[in-house]
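What follows is the residue order along each chain.
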Amino acid sequence: MFRRIPLRPRRPHPVVGLWLVFFVNGAVLSSWAPRIPEVKDRLALSDAALGAALFGVAAGSLPALLLTDRLLRRVDGRLVCLASGAAFAAGLPAIAVTTGPVGLGLVLAALGAASGVLDVAMNTAGIEYQRRRAGVPVIARLHGGYSLGVLCGAAGGAAAAAAGVTVAGQFTAVAGVLLVLLAAAGRHVPRSAARGTVGTASVGTGNVGTDTGGPGAAPRTPLVRAITPAVAAVAVAGLLLEGMLADWSALLVARDHGAGNAIGATVVVAFSLAMFVSRSAGDRIVPLLGARRCLLLAALGGSAGTAVGLVAPGWIATYAGVVVVGLFLGPVFPLAIDAAAARSPGSAARATAAVSAVGYLAHLGGPPLVGVLARPLGLPGAVALLGAAAGAALAAGAFRPAHPADSP
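Everything numeric in this text was worked out from a predicted model, so none of it was measured. (Residues numbered from 1 in each chain as written. Predicted model: local features only at pLDDT ≥ 70, side-chain atom pairs only at ≥ 80, totals over all residues. Heavy atoms only, no water.)

Undergrad: Explain the pattern of salt bridges residue by residue, including any values.
TA: By the definition in use, this model includes seven salt bridges. In this structure, Glu38 engages Arg35 in a salt bridge whose closest nitrogen and oxygen atoms are separated by 2.8 Å. Asp76 is the salt-bridge partner of Arg191, the closest N and O atoms lying 3.4 Å from each other. With Arg191 in the loop between helix 7 (167–185) and strand 1 (201–202) and Asp76 in the loop between helix 3 (47–72) and helix 4 (77–90), the pair connects residues that are 115 residues apart, well separated along the chain. Given the relative accessible area of 22%, Asp76 is considered partly exposed. Shared partners join several salt bridges into a network, and the residues in it are Lys40, Asp47, Arg255 and Asp256. (Salt bridge = Lys/Arg side-chain N within 4 Å of Asp/Glu carboxyl O. Helix = DSSP H or I, 4+ residues; strand = E, 2+ residues; numbered from the N terminus. Buried < 20%, exposed > 50% of the residue type's maximum accessible area, 1.4 Å probe, protein only.)

Undergrad: Could you give an account of the nonpolar core, with specific residues and numbers?
TA: One finds Trp32, Ile95, Leu104, Val355 and Leu394 to be the most contacted residues of the largest nonpolar core, which totals 117 residues. Counting residues per element, this core draws most heavily on helix 14 (residues 348–399), which supplies 18 residues. When residues no more than four places from it in sequence are discounted, the contact partners of Leu104 are Trp32, Val39, Leu43, Leu45, Ala53, Ile95 and Thr98. (Core = buried A, V, L, I, M, F, W, Y, C linked by side-chain atoms within 4.5 Å. Contact = heavy atoms within 4.5 Å.)

Undergrad: Account for helix 8 (residues 229–256), with residues named and values stated.
TA: Over its 28 residues, helix 8 extends only 36 Å from the first C-alpha to the last, a length that falls short of the 40 Å expected when each residue adds 1.5 Å. The axis of helix 8 is deflected most strongly, by about 50°, at Trp248. Just beyond helix 8, the residue with positive phi is Gly258, at close to 70°. (Expected span 1.5 Å × (residues − 1). Bend = angle between axes of the 7 residues up to and from the residue.)

Undergrad: If you had to explain the confidence of the model for the protein to someone new, which residues and values would you point to?
TA: When pLDDT drops low, the exact placement of atoms in the prediction is not to be read closely. Overall, the predicted model of the protein reaches an average pLDDT of 81, with 84% of residues at or above 70. Mean pLDDT per element in the protein: strand 2 (residues 207–208) is the minimum at 31, and helix 7 is the maximum at 95. Considering only residues more than four positions removed or in separate chains, one finds that residues 196–218, a stretch of pLDDT under 50, has 55 contacts. Counting interchain partners and residues more than four positions distant, the pLDDT-below-50 stretch residues 402–408 has 23 contacts. (pLDDT = per-residue confidence, 0-100.)

Undergrad: Mind laying out the side chain of Ser31, listing which residues take part and the relevant values?
TA: You can see Ser31 is positioned in helix 1 (residues 14–32). With a relative accessible area of 2%, Ser31 lands in the buried category. Within the structure, the side chain of Ser31 is placed 2.6 Å from the backbone oxygen of Ala27, a separation counted as a polar contact. Excluding residues within four positions of it along the chain, Ser31 makes contact with Leu92, Gly153, Ala154, Gly157, Gln170, Phe171 and Val174. (Polar contact = N/O pair within 3.5 Å; in protein donor to acceptor, adjacent residues only side chain to side chain.)

Okay, structure coming up:
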């Protein structure tokens, strides 16, 4: 008669699963970024008070980043990715019910903690999966997923603001969609590799080490030794520029350059699109140009793009400057993770935690510093000054090689 043919279970697709996790991570806080001016007005916050509340994200992230390495040695990385991602997405609507700067700061701190755990877990999973594929680069495209998440979150926020959708309504809808995406990603996210059993590979360069675990494996690198001054400079500068423009560009264009809230909200979308393009192309751009040239271009673009608003009238030049920064900035943070991972063969989690923790120092100081500097300098002057400082740090990192491909 008829013979039943057994159906083969569908194979998991780890890159797809990880890409969705990166996407969710990018979409959460970017959904709130275009609504910052509205929330600021509703709570009647000064620039300094808003900066202090934004400090909560980094204040929650930093301790979480430092503790996640230990967590990943005890709990499977897939579970950590999915649980922290779910907490991050589900907590977004809480922003809409805050009643003052303290409440806003506490909610952002809780979201920052979930984000910090997710940052380390997802980057560790990406690095380990890349190493299993003998160094075939995946990190840049995964960070492209993060940037697309930022783009979609920012676009949704801008559209909701233009359509008059309430902050609470938008954030509840976003949380629901992101939780569905995490559920879809669940079976595809790879499990953690056994610690010490994965060879070292330089993300984006194809360099593979020989650490095979066991008694002869390289010892775990102390957290501080995974970071050279060059890696630290690159991580701090990259996250300073990215965080500063994500948090302040909407207000900069809307208020200080007179574009209004609707146009101001779209600048976050444009910046995110530029970051998505440059990160998605990073696996090809970095080998073609070399890490040093990429960092120098980022230094030039970051300094010029943040300063153009001081010399050119109107909002169009400032808007374009933000986009230019995004086009050059995309590969910077993946390069920093790559360099640290190559120095820490015993633990991808420690390398990721070290880079993220040092980079988040920029987030700890950046938002409140912008608010403080805006008092004497104005917001455009504060953004330009910190953009110049970040550009100098990127140039310093370029001339003190932060990446194995550029090492003498």
